[in-house]
Amino acid sequence: MERRSFLKASAALGCAATVTGCKTSSDEPNKVPPTPPVEENQTWSACLVNCGSNCPIKVFSRDGVITRVEADNETTDEYGHNHQIRACARGRSLKQRTYAPDRLKRPMKRVGKRGEGKFVPISWDEAASTVASELARITEQYGNRSILKLYGSGAYYGFASSNCFNRLLNLNGGFLNIYGNYSWAQQIDAAYATWAGSSTNGSSVVCLEDSDLFIGIGYNPSEMRQSGSGEGYDFLQALKNNPSLEVIMIDPRYTDSMAGKEDKWLPIRPGTDAVLAEAIAYEMINSGWVEQNSKAFLDKYCVGYDKASLEQAKADLEISNDSDKRSYAQFIDIEENYHDYILGVGKFTEAKTPEWAAKICGISASNIKQIADKIMNASAPFITIGAGVNRHANGEQAMRSCYMLPLLTGKLGKAGVSNGALPVQGGMSKAGLGGLSNPIKESISFYTFSDAIIRGHEMTGRKDGVRGTEDLDTPLGHDVKAIFAANSNALINQHSDSNGTHEILQLEESEGGCGLIVVSDCWMTPSARYADILLPDTTWLESNDLIDNSYATGLMGYLVAMKAAVDPLWDCKSMYDMCGLIAQKMGVYAQYSEGKDEAAWLNQLYAETLTKPTSAAAIPALPLSYEEAQKIGVFRSFNGTKRLALDSYINGGQPLRTPSGKLEIYSLDFAQKAAEWEFNSEVKGDSITALPKYQATWEGYEDEETLEDYPLQLIGYHTKGRTHSSYHNVPWLREAVEDAVWMNPQDAHARGLEQGVTVHVWSQRGTIELPVRITPRIAPGVAALGQGAWYQPDPSGRVGPSGHVIDIGGCINTLTRYQPSPSAKGNPQHTNRVQIARA
Ligand SMILES: Nc1nc2c(c(=O)[nH]1)N[C@H]1C(S)=C(S)[C@@H](COP(=O)(O)OP(=O)(O)OC[C@H]3O[C@@H](n4cnc5c(=O)[nH]c(N)nc54)[C@H](O)[C@@H]3O)O[C@H]1N2
Ligand SMILES: Nc1nc2c(c(=O)[nH]1)N[C@H]1C(S)=C(S)[C@@H](COP(=O)(O)OP(=O)(O)OC[C@H]3O[C@@H](n4cnc5c(=O)[nH]c(N)nc54)[C@H](O)[C@@H]3O)O[C@H]1N2
Ligand code: SF4
Ligand SMILES: [Mo]
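Residues numbered from 1 in each chain as written. Chains lettered and ligands numbered in written order. Predicted model: local features only at pLDDT ≥ 70, side-chain atom pairs only at ≥ 80, totals over all residues. Heavy atoms only, no water.

Regarding the pattern of salt bridges
Pairing between side chains of opposite charge can happen when the charged atoms of each approach one another.
Now for step 1: A complete count under the given rule lists 47 salt bridges for this structure.
Now for step 2: The salt bridge involving Asp464 is made with Arg455; its shortest N-O contact spans 3.2 Å.
Now for step 3: The shortest N-O distance in the salt bridge between Asp703 and Lys684 comes to 3.9 Å. Of this pair, Asp703 sits in the loop between helix H25 (668-676) and strand S21 (712-717) while Lys684 sits in the loop between H25 and S21, placing them 19 residues apart in sequence. (Salt bridge = Lys/Arg side-chain N within 4 Å of Asp/Glu carboxyl O. Helix = DSSP H or I, 4+ residues; strand = E, 2+ residues; numbered from the N terminus.)

In structure tokens:
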């Protein structure tokens with residue numbers, strides 16, 4: 001079907017085919033939503049999960065019981081003006097989630113081993129006293145650097161956020177910081193190396209109007225930005241508004257962002273995007289196109305394209321007044337330039353031809369040549385590289401290699417062109433509760449927390465990426481002894497190697513493990529099972545708060561003044577109140593609360609929000625009092641301004657903050673790290689280079705060590721049925737979006753598998769059990785699994801082919817490896833080799 005007619009057809013189909021936050025009622029204008037019965041009370045809440053949006057939710061309740069929820073159905077719903085911020089299936093299931101049988105109802109303390117899930121209820125008084133006294137003991141015994149606030153992204157509150165824990169821990173003298181995140185660790189590093197800026201500063205999606213070619217590499221906004229006002233919806237509108245835009249998608253999976261909207265899908269082998277990028281570069285350079293068309297751009301704005309460019313950069317650095325800059329000159333090797341590397345000349349021997357690339361990445365040489373031709377012929381190529389590419393063993397280099405493509409076109413700064421980064425987002429902003437300042441300067445990568453439990457004392461900057469120590473060899477000097485995990489399931493479920501993490505978390509303090517694990521959640525998640533003290537939080541529907549549109553809202557900004565639909569259920573307390581109780585026991589309540597209760601804080605934060613520049617354009621206008629705002633609920637502000645990537649550098653003449661001030665093809669920071677850091681030669685691909693280069697890695701396509709026993713590559717993806725592990729415990733969603741491992745018919749038939757049979761998927765680290773979905777939507781040789789299912793080792797102790805107890809929950813992290821990536825020390829969770837067989 002032609003794309004344009006498909007778009008019409010899909011508009012008519014509405015939501016029926018897929019579970020998306022799409023627009024059914026505007027397609028059925030006569031269908032008016034039911035008027036609530038009079039005795040029902042209606043308030044506004046929101047879905048605060050980490051999907052990039054915070055969709056408003058209408059909550060109906062009667063006699064203190066939530067009766068139903070609705071998505072935003074206000075306004076006349078004109079796109080680009082006041083369109084509705086419709087919640088997806090997840091937000092619409094919030095009543096189920098709020099009343100889920102596994103809600104944490106009262107504070108508890110652990111009585112069994114960590115992970116066993118054996119707890120006894122305790123009073124809030126006991127819970128708060130225990131946390132306060134244990135925190136004091138551990139601080140005294142091991143120091144503040146042994147206390148860690150874990151990464152957690154489960155609730156994007158403004159006020160009752162996990163910052164309440166930061167306040168507590170800072171009032172206790174501080175804690176070990178973490179840097180980076182599971183989403184973008186490697187791409188942040190790559191963007192920093194290339195333009196010393198954000199990895200989300202790509203041109204805004206509306207700029208697609210001016211483009212004639214879109215290339216999405218691992219870019220899937222329709223599934224990962226599902227809000228009715230999110231990037232996914234903007235992307236769909238942009239395609240509709242520019243029917244002549246050619247769309248090429250490169251992804252091992254055929255995603256909903258395609259589903260007929262693409263002109264071409266090129267299934268690529270995971271972890272090999274750098275190979276594809278290099279072969280495209282080869283075509284562009286070898287044909288003489290770069291010399292004729294973009295050489296002047298590369299000379300003026302970039303460092304490292306060829307020998308001359310590096311010679312110039314070295315000379316410039318050597319005469320710099322800034323001694324830091326002068327010291328970078330020593331890391332320049334002029335033979336190590338991109339032109340020679342790609343063509344295989346000078347010190348390099350292998351040309352990066354399409355024929356070479358095809359064998360590795362699985363895309364044919366003729367297709368590679370065709371994409372290269374399209375890029376060269378496009379007047380405004382808009383290239384976007386999604387974070388699926390970064391969540392790999394050497395995601396840093398994969399991202400940097402792909403960022404080369406927009407540079408080579410020489411068209412950056414022109415209308416309709418982007419730089420490869422994720423599209424910049426708009427939005428309104430709100431004031432939130434601050435976490436107070438942390439006097440501790442040392443930080444570790446978010447991802448290395450489990451390692452820091454057992455070897456924090458010896459972790460260094462040179463080997464482990466520890467920051468803030470005196471020098472690269474001064475060890476952190478402390479193991480992690482206390483963990484505070486608030487709205488996080490990263491303690492085990494979302495972290496790599498669940499079975500390995502289990503072993504570490506199970507260690508008692510006397511065995512060299514943690515002395516205190518505090519978990520605050522609303523449900524008995526896999527991570528909650530590892531808590532020593534469990535603190536039950538109120539859910540979003542029980543909360544008063546002030547929230548904005550979160551970080552990937554697309555072009556529609558909004559604020560929601562949330563009002564609790566019902567009182568805190570059971571014996572739950574808001575994060576502000578539970579931390580307040582602990583603060584009392586610590587004797588720091590006055591500093592913690594600054595003399596304010598919830599209402600006083602919300603009034604203050606609301607007043608601060610009123611002064612934000614984005615507040616002026618709110619529709620309707622923001623009233624003076626927070627209480628009034630709660631009655632209205634939702635305030636919107638659409639901003640469709642076209643924002644061009646790197647505009648201020650290319651068109652505004654402002655230098656970049658890279659050491660050279662230019663776009664760095666040859667990264668001076670990477671060159672320095674490559675020279676100074678220590679990498680593990682036993683870990684294939686654990687290395688970095690100044691140039692963006694493809695690295696064959698452990699458990700990558702080319703890894704021979706695992707080829708025989710684990711012939712399939714396995715990637716995770718962010719499924720519509722959950723946000724990470726959030727919403728896993730909602731049966732509606734488990735029915736709506738199947739949790740099954742995707743396999744290509746070729747691979748399934750070779751194993752004698754039929755559709756839907758139960759299979760074992762195993763790696764060197766564990767076995768999971770779940771159904772198989774046989775589908776041509778996944779490349780041959782690759783398996784795919786929605787991440788976030790809950791880790792659940794079979795209580796009967798059945799052992800799988802890997803020799804581990806089978807995870808009947810089907811959590812992908814039972815299979816993933818804990819191996820920090822070379823530079824960012826981030827999570828390589830999409831790099832896995834597995835075998836699959838009938839269970
Ligand atoms: N529905 C839903 N939405 C979400 C989330 C969720 O859990 N569920 N989580 C949110 C969060 S916190 C984040 S960080 C984002 C994550 O958003 P992304 O990082 O974009 O999501 P992924 O699904 O991991 O990867 C995107 C695509 O990359 C593909 N991919 C994987 N490996 C490769 C590769 O080597 N090469 C190429 N070319 N493609 C590859 C995957 O098949 C997938 O289609 O999503 C956010 N939105
Ligand atoms: N294999 C693999 N692993 C991955 C990924 C992948 O692609 N593949 N993606 C990674 C990415 S990008 C991310 S961002 C991380 C996300 O990892 P996490 O930040 O751990 O996100 P969630 O799994 O959503 O867990 C959030 C937790 O918050 C809890 N929660 C929700 N609302 C509230 C509340 O109001 N109060 C409290 N106290 N708790 C609440 C939820 O119940 C849940 O336990 O996962 C990473 N893990
Ligand atoms: S999961 Fe995201 S898109 Fe869905 S309702 Fe929640 S905030 Fe909106
Ligand atoms: Mo993420």
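Continuing now.
Points about the site of ligand 2
Now for step 1: Around ligand 2, the surrounding shell holds 36 residues, and the nearest of these are Ser153, Asp521, Asp537, Ser725 and Ser726.
Now for step 2: A distance of 2.7 Å separates a nitrogen atom of ligand 2 from a polar side-chain atom of Asp537.
Now for step 3: For ligand 2, the protein covers 99% of the area, taking 920 Å² as the surface of the free molecule.
Now for step 4: Residues belonging to the shell around ligand 2 are distributed by class as follows: 10 nonpolar, 22 polar and 4 charged. (Near = heavy atom within 4 Å. Polar contact = N/O pair within 3.5 Å; in protein donor to acceptor, adjacent residues only side chain to side chain. Areas by Shrake-Rupley, 256 points an atom, 1.4 Å probe, with all protein chains shown as cover. Nonpolar A, V, L, I, M, F, W, Y, C, P; charged D, E, K, R; others polar.)

Some remarks on the site of ligand 1
Now for step 1: Around ligand 1 there are 35 residues in total, and Met224, Asp251, Asp273, Arg391 and His724 lie nearest to it.
Now for step 2: At 2.9 Å from an oxygen atom of ligand 1 is found a side-chain nitrogen or oxygen belonging to Arg253.
Now for step 3: Within the side chain of His392, an N or O atom sits 2.9 Å from an oxygen atom of ligand 1.
Now for step 4: For the shell around ligand 1, the secondary-structure elements that each account for two or more residues are helix H6 (221-224) and S21.
Now for step 5: Of the residues in the shell around ligand 1, the class split is 12 nonpolar, 14 polar and 9 charged.

Here's the deal with empty space enclosed by the protein
Now for step 1: With the rule as written, the count across this model stands at 4 cavities of 30 Å³ or more.
Now for step 2: Within this model, the second largest cavity holds a volume of roughly 180 Å³.
Now for step 3: In terms of lining residues, the second largest cavity is bounded by 23 residues, among which Pro270, Gly271, Thr272, Gln695 and Thr697 are the most central.
Now for step 4: Counting only elements with at least two residues in the lining of the second largest cavity, the list comes to helix H16 (395-409) and S21.
Now for step 5: The biggest single contributor to the lining of the second largest cavity is H16, with 3 residues. (1 Å grid on protein atoms, 1.4 Å probe; cavity = no way out; pocket = protein on both sides within 12 Å on 5 of 7 lines; lining within 4 Å. Points joined across faces, edges and corners; volume = space filled by probe spheres on them.)

Considerations on the sheet that holds strand S24 (residues 766-774)
Now for step 1: Spatially, 6 strands are ordered S21-S25-S22-S24-S23-S26 in a closed barrel, and the strand pairing comes out mixed. Here the average twist between neighbouring strands, direction ignored, is 45 degrees. (Pairing = 2+ DSSP bridges. Axes fitted to C-alpha atoms, helices over the stretch in contact; angles between N-to-C directions.)

Digging into the environment of Thr353
Now for step 1: Relative to the elements of secondary structure, Thr353 occurs in the loop between helix H13 (338-343) and helix H14 (354-361).
Now for step 2: Sequence separation between Thr353 and Ile368 is 15 residues; the distance between their C-alpha atoms is 9.5 Å.
Now for step 3: Apart from residues lying up to four places away in sequence, Thr353 is in contact with Ala279 and Tyr282. (Contact = heavy atoms within 4.5 Å.)

Examining the pairing of strand S25 (residues 782-786)
Now for step 1: Most of S25 sits out of view: 5 of its 5 residues are buried.
Now for step 2: Examined bridge by bridge, strand S22 (residues 741-743) and S25 share 2 bridges and lie antiparallel to one another. Each bridged residue has a counterpart across the sheet, and for Met743 the counterpart in S25 is Ala783. (Buried < 20%, exposed > 50% of the residue type's maximum accessible area, 1.4 Å probe, protein only.)

Concerning the UniProt feature "domain: 4Fe-4S Mo/W bis-MGD-type" (unreviewed entry) in the protein chain
Now for step 1: Per the UniProt annotation, the sites labelled "domain: 4Fe-4S Mo/W bis-MGD-type" (unreviewed entry) are residues 40-102.
Now for step 2: Between the C-alpha atoms that bound residues 40-102 there is a distance of 27 Å. The span itself is 8% helix and 32% strand. (UniProt positions renumbered as here; feature names shortened; annotations may be inferred.)

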